[in-house]
Amino acid sequence: VVANGQSQKHSVQTSSTNKPFFMSPLPPLSLYIHVPWCVRKCPYCDFNSHTSPQSLPQKDYIAALIDDLQADLAWVQGRQIASVFIGGGTPSLFSGQSYQDLFGQLRQSLDFATNCEITLEANPATVEHDNFEGYLKAGINRLSLGVQSFNPQHLQVLGRIHRQQDAVNAIQLAKQAGFSNFNLDLMHGLPNQSLEEALLDIETALSFHPPHLSWYQLTIEPNTAFYRQPPVLPDDDTLWAIQEAGQTKLAQAGLLQYEVSAYTRNKPSQHNLNYWQFGDYL
């Protein structure tokens, strides 16, 4: 574990030569939880994700996660968990009750900060209103909705299983359920995407007044379907025009860029920040 130098206090200890040296406090500690299953793997995805069976082994997987955590508890070293991010795959395939069970067991081994940010990635096609409320009951207080695009043709090319209206419904239902802190994931530089289409995606996303937006360019990664059969992407001039115009539009809407692909009004992702500021994570 490496301290990141963001300490306010230092303790003094003595080395073998009896000369004092300073020990910095440990950096903040976050927790990442991975759910590897998806309804269908997207052609651009190089994450550890797999097509889900008809019946997900939710209880068995949670038990495996808890077993895995036990081996890492020595790294906690008395720290509270500052943030949690549940990624995938598609974590919203798990029920709200499963996450209530998971966090009930996690709290037996870990101390969560009072203001701990707990984010769940959700696919707009795999969420229902009951699940949103169940996620809140589990202590999840932030959603990241994988919209990617509001354009039906682009969603189809990207292999997404949701439609434009599914994304709109998911955003509205999340807000109605009580999620005031949420992120919308958007991609740009999509196959055959024009500048106008990219900006329309941003305008549509902004109409929902998201406190946070992740806006990043599609890249072709090894071991993906797009790598084996590359789609036609916009040329470099179009990509640069999209980047410049998109950043301008986001800034005009009051969303400030605080890392490479993250924009917010006043709610930066604490989990993102801990990574960027060289914090620790399990």
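Just so it is clear, the model here is predicted, and its values are computed rather than measured. (Residues numbered from 1 in each chain as written. Predicted model: local features only at pLDDT ≥ 70, side-chain atom pairs only at ≥ 80, totals over all residues. Heavy atoms only, no water.)

1. Digging into the layout of surface pockets
As a volume, the largest pocket reaches approximately 1200 Å³. Together, 45 residues line the largest pocket, and Phe47, Glu121, Gln148, Asp185 and Tyr216 are the ones closest to its centre. The set of elements that each furnish at least two residues to the lining of the largest pocket consists of strand E3 (29-35), strand E6 (81-88), strand E7 (112-122), strand E8 (142-148), strand E9 (182-188), strand E10 (212-217) and helix H9 (270-276). Counting residues per element, the lining of the largest pocket draws most heavily on E8, at five residues. For the lining of the largest pocket, the class distribution of residues is 17 nonpolar, 19 polar and nine charged. (1 Å grid on protein atoms, 1.4 Å probe; cavity = no way out; pocket = protein on both sides within 12 Å on 5 of 7 lines; lining within 4 Å. Points joined across faces, edges and corners; volume = space filled by probe spheres on them. Helix = DSSP H or I, 4+ residues; strand = E, 2+ residues; numbered from the N terminus. Nonpolar A, V, L, I, M, F, W, Y, C, P; charged D, E, K, R; others polar.)

2. What to know about the pairing of E7
With eight of 11 residues buried, E7 lies mostly within the body of the structure. Where E6 lies against E7, five bridges are found, and the strand directions are parallel. Looking across to E7, one finds that Ile86 is bridged to Leu120. Crossover handedness for the path E6 to helix H2 (residues 96-109) to E7: right-handed. Sheet topology places E7 next to E8; four bridges connect them, and they run parallel. Note that in E8 the partner of Ala122 across the bridge is Leu145. (Buried < 20%, exposed > 50% of the residue type's maximum accessible area, 1.4 Å probe, protein only. Pairing = 2+ DSSP bridges. Right-handed = clockwise from strand over helix to strand, strands pointing away.)

3. A look at the packing of helix H6 (residues 195-206) against helix H8 (residues 236-252)
How two helices sit against one another is set out by the angle between their axes and by the gap between those axes. It is at 9 Å that the axes of H6 and H8 come closest, and there the two elements cross at 25 degrees. By the angle between their axes, H6 is roughly parallel relative to H8. Between H6 and H8 the crossing geometry is right-handed. For the pair H6 and H8, the contacting residues are Leu195, Ala198, Leu199, Ile202, Glu203 and Leu206 in the first and Thr238, Ala241, Ile242, Ala245, Gly246, Lys249 and Leu250 in the second. (Axes fitted to C-alpha atoms, helices over the stretch in contact; angles between N-to-C directions. Parallel < 35°, antiparallel > 145°, perpendicular 65-115°, else oblique. Left-handed = near helix turned anticlockwise from the far one by under 90°. Contact = heavy atoms within 4.5 Å.)

4. A few points about the confidence of the model for the protein
Averaged over all residues, the pLDDT of the protein equals 91, while 91% of them reach at least 70. Here residues 1-12 is a poorly scored stretch, pLDDT under 50, and it has 29 contacts once near neighbours within four places are set aside; other chains count. (pLDDT = per-residue confidence, 0-100.)

5. Section: the nonpolar core
Counting residues in each nonpolar core, the largest one holds 59 residues, and the members touching the most others are Val84, Ile86, Tyr99, Phe103, Leu106, Phe132 and Ile140. Cys42, Leu158, Leu218 and Phe226 belong to the second-largest nonpolar core, a separate cluster that totals eight residues. (Core = buried A, V, L, I, M, F, W, Y, C linked by side-chain atoms within 4.5 Å.)

6. Topic: the pairing of E9
Summarising burial for E9: seven of the seven residues are buried, a large majority. Burial along E9 is two-sided: the face carrying Phe182, Leu184, Leu186 and His188 and the face carrying Asn183, Asp185 and Met187 are both buried. Two strands pair when backbone bridges link them, and E8 and E9 are joined in this way by four bridges, in the parallel orientation. The residue bridging Leu143 from the neighbouring strand is Phe182, located in E9. For the handedness criterion, the β-α-β arrangement of E9, H6 and E10 is classed as right-handed.

7. Side note on H8
Working note: α-helix, 3.6 residues per turn, so residues spaced by three or four point in the same direction. Relative to the 24 Å expected for 17 residues at 1.5 Å per residue, H8 spans 24 Å between its end C-alpha atoms, a close match to the ideal helical length. Listed in full, the buried residues belonging to H8 are Leu239, Ile242, Gln243, Gly246 and Leu250. Buried residues in H8, looked at end-on, bunch into an arc of 100 degrees, giving them a common side. Facing away from the buried side of H8 by more than 90 degrees, the exposed set consists of Asp237, Trp240 and Gln252. (Expected span 1.5 Å × (residues − 1). Arc of directions from axis to C-beta.)

8. Observations regarding helix H5 (residues 164-177)
Between its first and last C-alpha, H5 extends 20 Å over 14 residues, near the 20 Å set by a 1.5 Å rise per residue. Turning to H5, its buried residues number three or more, namely Asp166, Ala167, Val168, Ala170, Ile171, Ala174 and Ala177. Just downstream of H5 lies Gly178, where phi reads positive at about 120 degrees.

9. As for the sheet that holds E9
Spatially, nine strands are ordered E11-E12-E10-E9-E8-E7-E6-E3-E13 in an open sheet, and the strand pairing comes out mixed. Every other strand in the sheet has two partners, leaving strand E11 (256-259) and strand E13 (280-281) as the edge strands with one partner each. The sheet contact formed by E3 and E13 spans two bridges and is parallel. Within E13, the position partnered with Leu29 by the bridge is Asp280.

10. Here's the deal with the packing of aromatic side chains
Each aromatic ring pair is summarised here by two numbers: the centre-to-centre distance and the angle between the ring planes. Counted according to the given criterion, the structure contains 11 aromatic pairs. Pairing Trp37 with Phe94 gives two aromatic rings, centres 6.2 Å apart and planes at 25 degrees, and the pair type is stacked. Here Trp37 is found in strand E4 (residues 37-38), whereas its partner Phe94 is found in the loop between E6 and H2, with 57 residues between them in sequence. Here Trp37 and Phe94 have matching classes, each one buried. Here the aromatic residues Trp37, Tyr61, Phe94, Tyr99 and Tyr135 are joined through ring pairs into a cluster of three or more. For Arg107, the ring lying beneath its charged end belongs to Phe112, and the centroid distance is 4.6 Å. (Phe/Tyr/Trp six-rings, centres within 6.5 Å; stacked < 30°, edge-to-face > 60°. Lys NZ or Arg CZ within 6 Å of the ring centre and 35° of its normal.)

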